[in-house]
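A closer look at the structure
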Number of protein chains: 2
Amino acid sequence: MPQIINGRNIANEIQDDLRADISEWLKTNKRNPSLVAVLVGDDPASIKYVEKKMEAAKYVGIDSKIEKLPDTISESELISKINHLNEDVSVDGILVQLPVPEHISERNVCNAVNPIKDVDGFHFSNAGKLCLNMDTFVPCTVLAVIELLKRTGVETFAKNIVVCGRSKHIGLPLSILLHSDARNQLPGLEATVTMCHRNTPPEQLRVFTKLADIVISATGVVHLIKEDMVKQGACVVDIGMTRTKTQEGKVKLVGDVDFENVKNVAEYITPVPGGVGPVTVAMLMKNTFKAAKIHLS
Amino acid sequence: MPQIINGRNIANEIQDDLRADISEWLKTNKRNPSLVAVLVGDDPASIKYVEKKMEAAKYVGIDSKIEKLPDTISESELISKINHLNEDVSVDGILVQLPVPEHISERNVCNAVNPIKDVDGFHFSNAGKLCLNMDTFVPCTVLAVIELLKRTGVETFAKNIVVCGRSKHIGLPLSILLHSDARNQLPGLEATVTMCHRNTPPEQLRVFTKLADIVISATGVVHLIKEDMVKQGACVVDIGMTRTKTQEGKVKLVGDVDFENVKNVAEYITPVPGGVGPVTVAMLMKNTFKAAKIHLS
């Protein structure tokens, strides 16, 4: 039987620890850490994700608010809102909930956030620091995967890892930390990493996943990873979160991994929902506390 | 018989084209592009490399000079020298010849160069832009490998590539460009890339190199890549440059690839010397011209 990694429990542990740390920190600091989520438009999924972040913030002792903006806002208006938050000394962390409407460049928006308030780690200068294993804000999903591997005791040193998906916010920065040197300010995990993506031929993807001790998928392709692609005893981490509808019309989150079958061969596996997702939110809280400590030190 | 990729010829072609471009550009610009190489200490290899760069600069029409500094210089003195060059409007490109003496942090020095004069592409913000496929200064060796592949007509789309060596100046940025999306400001090469390094077990390295259509090695481990590790018909690119001595006491450059044997199986192979090295120098010249165009536009 595989060990199903319980992301909710791990997230709760992290948030309990963080709540205690923030409470301790408040004995010598005048205000709580603070987080602003910028939400453009009214996409139901985005609203739900932002609300989950706000709930977690409240629990750990982070002041948070949502800056709601209409989806008709122009890129320059949005960036000017961000600049206002950049200059506001009462704000420690800023996140812009993605995606933004199509007429706005996601990249320009990510680069507009002050790097020392960039709790999502999406600014190009923070991406560069991660690349060089300098201390920085690491994207929350990347931190979540690493935390899950560590807390589960899955060895990465000299192991083979396949990362499926080369997104700039997840797959790419994750692959860099997985293969880089542990002897760094921001330590790497010393694995041999193969980056697969939409142009990796399916039969080649299978060759690489079969060689992998750890398979990590972040593609949004439902059930891309099947039982016969996974080595017996491997660890499988599912970052996919595709919103589908059940026959009854209910929204259901589905991952990249064919969980019901892959669990027959995997030694460790994360479910969707309840795997990487909750831990990602917890890591956002850690990043916000880190930002507050920088600003108020 | 393999095609031995002639880096010197390719470098000459690039430099001839660049010489013509700069000559054309000078019709509407008042001064030549300019490059300063900062050389700390008197390591014979470093002196030789810098001199080659100066020769190439002279040929293509770039004004260049060497700023020689004693190896007793402190980090802060060196950074203050770099700041002086950052502010000098007559300087377009600045490179600090590496390695620097051990008492100086290479990372701090690379981060001290003004990003818009950073023709080596080593500043963290330029690393971040590369990561995100934004237009930036790409490290010259990375540009050289991509140029060699393109000019030789080696297909990378959906191919398997192994990169050996995860250095921040070569292996890492190269791997990112090799696997990223072609539809970008800074286009990627769409390959599936496996990053191998000092902690990849030798038998696993062999598994991955045998699967590779292209093997690229940048480790400094003499003859790491042997004939039985390479697939028939593969392309092998050798970035290694280890200085050894012959029995007669002469300095000899030796690569990471056991060239004499690997050429029996490879379809394309770069020699050392005369492969990637000369093209790297040519790409430095291109980066310097790019910097000049930014500053004088």
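The rules we used
Residues numbered from 1 in each chain as written. Chains lettered and ligands numbered in written order. Predicted model: local features only at pLDDT ≥ 70, side-chain atom pairs only at ≥ 80, totals over all residues. Heavy atoms only, no water. UniProt positions renumbered as here; feature names shortened; annotations may be inferred. Helix = DSSP H or I, 4+ residues; strand = E, 2+ residues; numbered from the N terminus. Rg over C-alpha atoms; globule rule 2.2 N^0.38 Å. Buried < 20%, exposed > 50% of the residue type's maximum accessible area, 1.4 Å probe, protein only. Contact = heavy atoms within 4.5 Å. Domains from an automatic or database assignment. Buried area = accessible area lost by both parts, 1.4 Å probe. Salt bridge = Lys/Arg side-chain N within 4 Å of Asp/Glu carboxyl O. Polar contact = N/O pair within 3.5 Å; in protein donor to acceptor, adjacent residues only side chain to side chain. Patch = residues over 30% accessible without salt bridge, like charges linked within 9 Å, V, L, I, M, F, W, Y side chains within 5 Å. Areas by Shrake-Rupley, 256 points an atom, 1.4 Å probe, with all protein chains shown as cover. Lys, Arg positive; Asp, Glu negative; His and termini not counted. Charge placed at Lys NZ, Arg CZ, Asp CG, Glu CD. Disulfide = S-S within 2.5 Å. pLDDT = per-residue confidence, 0-100. Pairing = 2+ DSSP bridges. Axes fitted to C-alpha atoms, helices over the stretch in contact; angles between N-to-C directions.

As annotated in an unreviewed UniProt entry, chain A carries the name methenyltetrahydrofolate cyclohydrolase and is attributed to Pyrocoelia pectoralis. Turning to chain A, the UniProt record has this under Subunit (unreviewed entry): "Homodimer." The UniProt entry for chain A carries the following text under Catalytic activity (unreviewed entry): "(6R)-5,10-methenyltetrahydrofolate + H2O = (6R)-10-formyltetrahydrofolate + H(+)".

Let us look at the overall build of chain A. Secondary structure summary: chain A contains 10 helices and 11 strands in total. In terms of C-alpha radius of gyration, chain A reaches 19 Å, essentially the compact-globule figure of 19 Å for 297 residues. With the C-alpha coordinates aligned to their principal axes, the bounding extent of chain A is approximately 55 × 45 × 35 Å. Split into buried and exposed, the 297 residues of chain A put 58% on the buried side. A sequence separation of at least 24 residues applies to 70% of the contacts in chain A between residues at least 6 apart.

Residues and elements named next belong to chain A. One can read the domain layout of chain A as domain 1 (29–115) and domain 2 (140–277). For domain 1 versus domain 2, the distance between C-alpha centres works out to 28 Å. Carbon and sulfur atoms supply 55% of the area buried between domain 1 and domain 2, which totals about 400 Å² over both sides. At the boundary of domain 1 with domain 2, the tally comes to 0 salt bridges. Our enumeration of links across domain 1 and domain 2 arrives at 0 residue pairs in polar contact (both at pLDDT 80 or more). Elements represented by at least two residues in the side of domain 1 that touches domain 2 include exactly helix H2 (44–60) and helix H4 (106–112). Here the element with the most residues in the side of domain 1 that touches domain 2 is H4; it accounts for 3 residues.

For the rest of this paragraph, the subject is unusual backbone geometry. Backbone geometry follows two general trends: most residues other than glycine have a negative phi, and most peptide bonds adopt the trans configuration. The omega angle of the peptide bond from Val272(A) to Pro273(A) is 0 degrees, so this bond is cis rather than trans. Here Pro273(A) is to be found in the loop between strand E11 (268–269) and helix H10 (276–295). Of note, the bond from Leu98(B) into Pro99(B) is cis; its omega dihedral lies within 30 degrees of zero at 0 degrees. Among the structural elements, Pro99(B) can be located in the loop between strand E4 (93–96) and helix H4 (106–112). With phi around 55 degrees, His223(A) is a residue other than glycine that occupies positive phi space. As for its position among the elements, His223(A) is in the loop between strand E7 (214–217) and strand E8 (235–238).

Residue and element names in this part refer to chain A. Together, Arg8, Lys48, Lys52 and Arg243 line one region of the surface with positive charge. Of note, Lys52 is situated in helix H2. Accessibility expressed as a relative area gives 45% for Lys52, which makes it partly exposed.

What follows is about the state of the cysteines. Counted under the stated rule, the structure contains 0 disulfides over all chains. No disulfide involves Cys110(A); its nearest neighbouring cysteine sulfur is the one of Cys140(A), lying 12 Å away. Sulfur of Cys131(A): no disulfide; nearest cysteine sulfur belongs to Cys131(B) and is 3.8 Å away.

Here the focus is the confidence of the model for chain A. In this model, chain A carries a mean pLDDT of 97, and residues with pLDDT of at least 70 account for 100%. Scored as a complex, the prediction yields pTM 0.98 and ipTM 0.97.

It is worth spelling out the sheet that holds strand E3 (residues 63–69) of chain B at this point. All names here are of chain B. The 3 strands are arranged E3-E2-E4 in an open sheet whose pairing can be described as parallel. The sheet is open, and its two borders are formed by E3 and E4, each paired with just one other strand. The sheet shows a mean angle of 20 degrees between the axes of neighbouring strands, taken without regard to direction. Against the sheet, helix H2 (residues 44–60) touches strand E2 (34–40), E3 and E4, its axis set at about 170 degrees to E2.

Turning our eyes to something else, we now look at the sheet that holds strand E8 (residues 235–238) of chain B. Read across the sheet, 12 strands follow the order E1(A)-E11(A)-E8(A)-E7(A)-E5(A)-E6(A)-E6(B)-E5(B)-E7(B)-E8(B)-E11(B)-E1(B) without closing on themselves; strand pairing throughout is mixed. Only two strands of the sheet have a single partner each, and these edge strands are strand E1 (3–4) of chain A together with strand E1 (3–4) of chain B. Looking at chain direction, strand E5 (residues 160–164) of chain A and E7(A) are connected through 4 bridges and run parallel. If you follow Ile161(A) over to E7(A), its bridge partner there is Ile214(A). Sitting on the sheet, helix H7 (residues 171–179) of chain A is in contact with E5, strand E6 (192–196) and E7 of chain A together with strand E6 (192–196) of chain B, with an inclination near 165 degrees to E6(A).

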